[in-house]
Each structure stands twice: as C-alpha cells, then as structure tokens.
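Coordinate analysis (summary)
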Amino acid sequence: MSRDIFADAARRHAHALPGHTLLAAEPCAIPASVLTVDVLVEQSEDLEAGQKYTLRALLGGIDTVEDLQLFLGLDDGDTGRAVAGLLLAEYITYQPPADGGLRRLQLLPAGQEAARDAQLRRPMPTTIPVVYDRLTGTVTDWRRNSLRRSNLTKGDPGRLLLPPASSMPIRTVDLSIAALTSTLDRRSRDGARLLGISGVTENRNFYHDAILLVFSDDETRQIRLGVDVDGKWSEPHTAALESIGAVERLRLSAAPVEHPHAPVTDPGERLSRADVLALQAAGDDPDGDGGNAALNRAVIRWLGVYEHPAWLEAALASSRRRLLISSPQIRTAVASSRWIGVLAKLARTADVTIVWGPGDDDGTDQEALDALHAAARKTNRLAVVRVATVPAKMLISDGYYITTNFNWLSFRGEPSRIYRRDDGELVQDQALTDRAYDTYLTEACANAVEVVGTLPAEVRAEVGPGSDATAPNHISPSSGNGREARRSTAPSKAERRRVALSKLAAGQTVAGPVKRLTPFGAFVTLGEIDGLIHISQMAHHRVEHPSEVVNVGETVTVQILDVDIARERVSLSLKAATSASPEPSRPGSESPTSRWKTRRSR
C-alpha cells in the first residue's frame, strides 16, 4: 500500500469519532497571519540577585561577611548562600591573611569580570516575528518557512480553505507574554525576558497545510470534521471548526450511496467494518506487523472510502500483468496529464483497460477523455472502453480486486462537496481475481459502444466493428496493389454482419453452434453474427454455470429475444425455445435440456 500522508492520516484517525464513519481525508489549509510584535526585552542574568549584588559590593571595597550582610540587608542564611555560590563558581576566595587577621573576601579574576558585567540593564525595545493561527486564535510555534502564500494556496482547486474564527485584526490584547515567550528559540529564550508588548503588525496572506477528516454520523448522516496538523489529531482545531459552524460555512453535506455495489458472496476469511477499524487502530505501523498483517491476510475485507485513493495509486505502481479500472465518469482532477502519463508507462508492459459510461453528458471532462484516447492510440496495451449502461465500479490488478461504490476516476474536484459512504470490498485471492477479471472484461466488451486503443488479445473478438478499436501494431496496413483493390469490391465483414442482423427478428427460433462459454452466459454463432444466451435464459431452473447445460461446439436451438442493430447485439433464450413446440431435431441430436437431465440422473 502507498504510504502517502492522506492514507496514513485516514488510517490513524478512522476510529477517532465513535459512531461515525470516515468519508474522506482531504488536503486543507489553516488561515495564518505573520505578526511583527513590538516588545520590551530585558537581558537575563546568569547570576542570582544576591550573588550579583555581592559582587558589586566586593568591587566597591566591602570585604567582610559582616559588612556585606549590613550592605545587602540580608539575614545570615541568605548572605551565606550568596557567598557559598560565588565560592563554588570560583569567583571569590575567603582565605585568612598571612598575619592571622580576619578572613576577608577577595575577588578572583573571573569574579572581577563577572562583577563588571553584573550591572543592571535597562529594558530594550525590539521586534519578534510570530505566526498566528487564525482558526484557533492562538500564537503557534510554526516557522515562517512552513507557510504557503495565499495566492498559491487558493490556486490549488483540490484544497479546502478553512475559515478563520474571526475577521477582526489582531490586537495586542489578543497576545500574552507567556505565549510569545514560548515561540522564541531556546537560545533567545534563555538570554532574554519579555517584559511587555507595545504594538503588533499583521500580514494575513498565509496558510498552513493540514488534513481535513470528514466523518458522517452512522444514524443521521450529519457531517463532523476533524483536523490532522503535522501528523497529529488536533483537538483545538477540531473544536474550533465545530464552534464556528464550519460544515455549513464550507457547504459540506452527506448523501446516500447512488449505486450500491453487489456484495462479494465467495467464501473465505472475511473482515467486517468493525474488524478493519479495530485492526487499523491497533496496528498502523510502517513495517506491516500486528493489525496490518491481519488485514493483509484476509481473503475478503471491508474497504473504507478513505482507503480507495491509496489503492488506486498502489495499483498504478505495483501492477505487472494487468490493470482494469471501471468508473462512470472521468475527470481531470483525477485523470490529470501526470496520472495519464503513469498509466501509459504501465501499459508498455501490462494490459490496461479503462471502462467508463454511459454517455457524453455524464459529467466526464472531455479534456481528460481526449488525453486518455490519445494515450491509448500511442500505446500497444491500453484500451478505453465506453459502455452504454452505468458500469460497475471495479479495480482489478494482478492478485486482488475491489468492487465498490467509489467513483475511481472522478472522486476529486466535486464542487458541491457532497460526500457519500462509498465503501467497498477488497478480495485478495488469485483465483477469485482471475475469475472477476475474465468475467467483467468480457461483459464490458460485450456492452461496448466505443473502444479506443488495443484490448487484451483474449477479448478483441467480442467487440463489434463499429468501435474505434486499434489493431495490434504488428499488423501492417494494406499495400494498395491490384489484389487488394479487387478484394475491396467484395462485401466487408461489417456489411455482412449488418445484412445478417437485418434478417433476424425477435420471436424467431434459430439454431447454431455454441462458440464460447463465460460465467454469465454462452455465445452462439448465427452465421455472420454472434448472439448471447444470458445465464438467466439457459434453463427454467437455476444455473450456476452455462457448462451445466451446453458445451462449446454443440448446436443448440434458441429463440431470439431482441435484436439491437445499432449495437450489433442479439439476445437469445434457450429456455424460451424449449418451452415452444420443438422443431424436428437433426439425426443423432439431443436437446440441451434433456441432456442436462440425463447428466443429473447419472
């Protein structure tokens, strides 16, 4: 998995609000001001006050403890502590004279220097730079170089600008000595003492990057917000957003899922939402141990909406043989030029298929679609498939696949800021993934109305000639000689297919050989055109796989349900044909239904 900061923040804080589901971890910006504060500063002293005045007294000629005590006005204990401290620092000596008189205090060279420096200093005016958080209304320890200018921040369409708590300018009364002192670096803090604030100048044109965590109440779907600042959950910012009504000010809302995905019914170790959240909370470590190891072992597990962007990024980085992405819309905010460049690079060595639909007015950005088409025409193993109906939202890589409600290629750039609980299921099993890939890719090609680029070899035959499919590069163009010119006068395959379609009509009963079986049905050859018997039309009973009823190469009698000339699609029914009066069968033939009954009786 990708270790990008948004995915990390989502995993760290997905369980932060009980009874809520994390919907997104998005880039945001906290409004900040750079303040120039006018202050009065007194240089701090290394010596205590008693020691400082003792040195000054010795420098003035007072050299006995008794006289010193009278001069300082201290009691025996305080005077003794001051003298002892100076003796320990080797600033003075207290030795009796050679003639045996009274013991007198004497300044040593280091003490004489310290005595001269230990003069009372007047407070000095100066200025200090301070970064002020306009959301929480507090002085911060952020450095000036950690901020971004307003014009750069506002030029990022994917970043939410959090509102300030107040639009009023910062005043001196909004600042405190203790808060300002805490912002000083250690050297300045040890060498000076702030005495007062005399003025402040504010520059508001700055923001501090952060991560906004969008939660939805599980019962009411109301939105609540959290903030990750510099890698940590910030309760002050979370409380500040609550107090200023940021959800309404930012026009954020939650909505129900539009197109729920079909749940995975395959057997295997399965982790629910509660299981996943508990494991993520317990085991979010960079080495993949603990809870993360259990997540990686699960055959099927719940996948939170906040995890999807990281899995999309990981699929681009780690896929080696194939990648299929299916999403109703394609938008530039996701399918950017950089993203498409990475996709095209992957398509040099792996089969990459993008499935989208249903039409031109579905919110897809034409710029992104044109860029994808251009990349598909230049790359040997990239195909962009448009289907007529809303496709399932799938991501299939080498050894895993995801079925979900999540819009893989349009989850950014939504101006309405409507959030949905677009969760999904992750399946980490090779056999199940291979089956899902074959099934979905075949279905997509069967329903394709346009293909740009080169499809994987195993499904190229499933796409009609009306699509804009690019042939593999090893096929050379026509040479234009007389033989080719004579050949061009014969009806083309497309013309023959159209003629064959025109002769078919709903209600007819026809016969043809079974060409191919898929998990969702069987394809039957009807001259120049293939028709599909959907698995629901195989028999009057439930059929798990078409091979229970028919075999490849077997001739079957079917009834035509529908003929779509525009899409060159023919829908067939085996059970409708068996319900009708049977036609005379060919010598030695056996009806599929009777053969199925024979198999079951054995």
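Thresholds, definitions, all that
Residues numbered from 1 in each chain as written. Predicted model: local features only at pLDDT ≥ 70, side-chain atom pairs only at ≥ 80, totals over all residues. Heavy atoms only, no water. Helix = DSSP H or I, 4+ residues; strand = E, 2+ residues; numbered from the N terminus. Buried < 20%, exposed > 50% of the residue type's maximum accessible area, 1.4 Å probe, protein only. Contact = heavy atoms within 4.5 Å. Areas by Shrake-Rupley, 256 points an atom, 1.4 Å probe, with all protein chains shown as cover. Axes fitted to C-alpha atoms, helices over the stretch in contact; angles between N-to-C directions. Parallel < 35°, antiparallel > 145°, perpendicular 65-115°, else oblique. Left-handed = near helix turned anticlockwise from the far one by under 90°. Nonpolar A, V, L, I, M, F, W, Y, C, P; charged D, E, K, R; others polar. Pairing = 2+ DSSP bridges. Phe/Tyr/Trp six-rings, centres within 6.5 Å; stacked < 30°, edge-to-face > 60°. Lys NZ or Arg CZ within 6 Å of the ring centre and 35° of its normal.

**Examining the overall build of the protein chain**
Counting its secondary structure elements, the protein chain contains 20 helices and 26 strands. Out of the 602 residues belonging to the protein chain, those deemed buried represent 45%. For the protein chain, long-range pairs separated by at least 24 residues make up 74% of all intrachain contacts whose partners lie at least 6 apart in sequence. Surface accessibility of the protein chain: about 30900 Å² in total, with carbon and sulfur atoms responsible for 51%.

**Overview of the packing of helix α2 (residues 49-59) against helix α3 (residues 65-72)**
Across the interface, α2 lies against α3 with an axial gap of 11 Å and an inter-helix angle of 120°. Classified by the angle between their axes, α2 and α3 sit oblique to one another. When the axes of α2 and α3 are compared, the crossing they make is right-handed. Residue-level inspection shows Tyr53, Thr54 and Ala57 of α2 in contact with α3, the latter providing Leu68, Phe71 and Leu72. Looking at the contact of α2 with α3 residue by residue, the classes come out as 5 nonpolar, 1 polar and no charged.

**Some remarks on the pairing of strand β15 (residues 351-356)**
For β15, the tally of buried residues reaches 6 of 6 residues, placing the bulk of the element in the interior. Side chains of β15 alternate between two faces, with Asp351, Thr353 and Val355 and Val352, Ile354 and Trp356 buried alike. Relative to β15, strand β14 (residues 322-326) runs parallel, the two sharing 5 bridges. Bridging from a neighbouring strand, Arg322 pairs with Asp351 of β15. Bridging between β15 and strand β16 (residues 382-387) involves 5 bridges; their strand directions are parallel.

**Some details on the sheet that holds strand β22 (residues 509-518)**
Spatially, β22-β23-β24-β26-β25 is the arrangement adopted by the 5 strands of the closed barrel, whose pairing is mixed. Taking each pair of neighbouring strands and ignoring which way they run, the sheet shows an average axis angle of 50°. For strand β24 (residues 529-534) and strand β26 (residues 569-573), the ladder comprises 3 bridges, and the chain directions are parallel. Residue pairing for β26: Leu532 is matched across the bridge by Ser571.

**Let's talk about the packing of helix α13 (residues 308-318) against helix α14 (residues 337-346)**
Here α13 crosses α14 at 40°, and the two axes come no closer than 9 Å. Judged by the angle between their axes, α13 and α14 are oblique. Listed contacts from α14 to Leu312, Ala315 and Leu316 of α13 are Trp339, Val342, Leu343 and Leu346.

**Focus: the packing of aromatic side chains**
In total, this model carries 5 aromatic pairs according to the counting rule given. Residues Trp311 and Tyr400 carry aromatic rings whose centres are separated by 5.1 Å and whose planes lie at 70° to one another, so their mutual orientation is edge-to-face. Here Trp311 is found in helix α13, whereas its partner Tyr400 is found in the loop between β17 (393-396) and β18 (401-404), with 89 residues between them in sequence. No difference in accessibility class separates Trp311 from Tyr400, as the two residues are buried. Ring plane angle 35° and centroid distance 5.0 Å describe the contact between Phe406 and Phe411, whose orientation is recorded as tilted. Using a relative accessible area of 5% as the deciding quantity, one classes Phe406 as buried. Above the face of the Tyr94 ring, Arg103 is positioned so that its terminal group lies 4.4 Å from the ring centre. Sitting over the ring of Tyr437, Arg322 keeps its end group 4.7 Å from the ring centre.

**Re the side chain of Thr433**
Position of Thr433 relative to the elements: it lies in helix α16 (residues 430-446). Residues in contact with Thr433, not counting those within four places in the same chain, are Arg322, Ile396, Ser397, Asp398, Gly399, Tyr400, Tyr401 and Val427.

**Quick word on unusual backbone geometry**
The phi dihedral of Arg221 is positive, around 65°, even though this residue is not glycine. Here Arg221 lies in the loop between β8 (192-217) and β9 (223-229). Overall, Arg221 belongs to the partly exposed group, its relative accessible area being 42%. Of note in this structure, Asp230 is not a glycine but carries a positive phi near 55°. Assignment of secondary structure puts Asp230 in the loop between β9 and β10 (232-233). Look at Asp230 and you get exposed, because its relative accessible area is 55%.

Read these as geometric descriptors, not functional statements.
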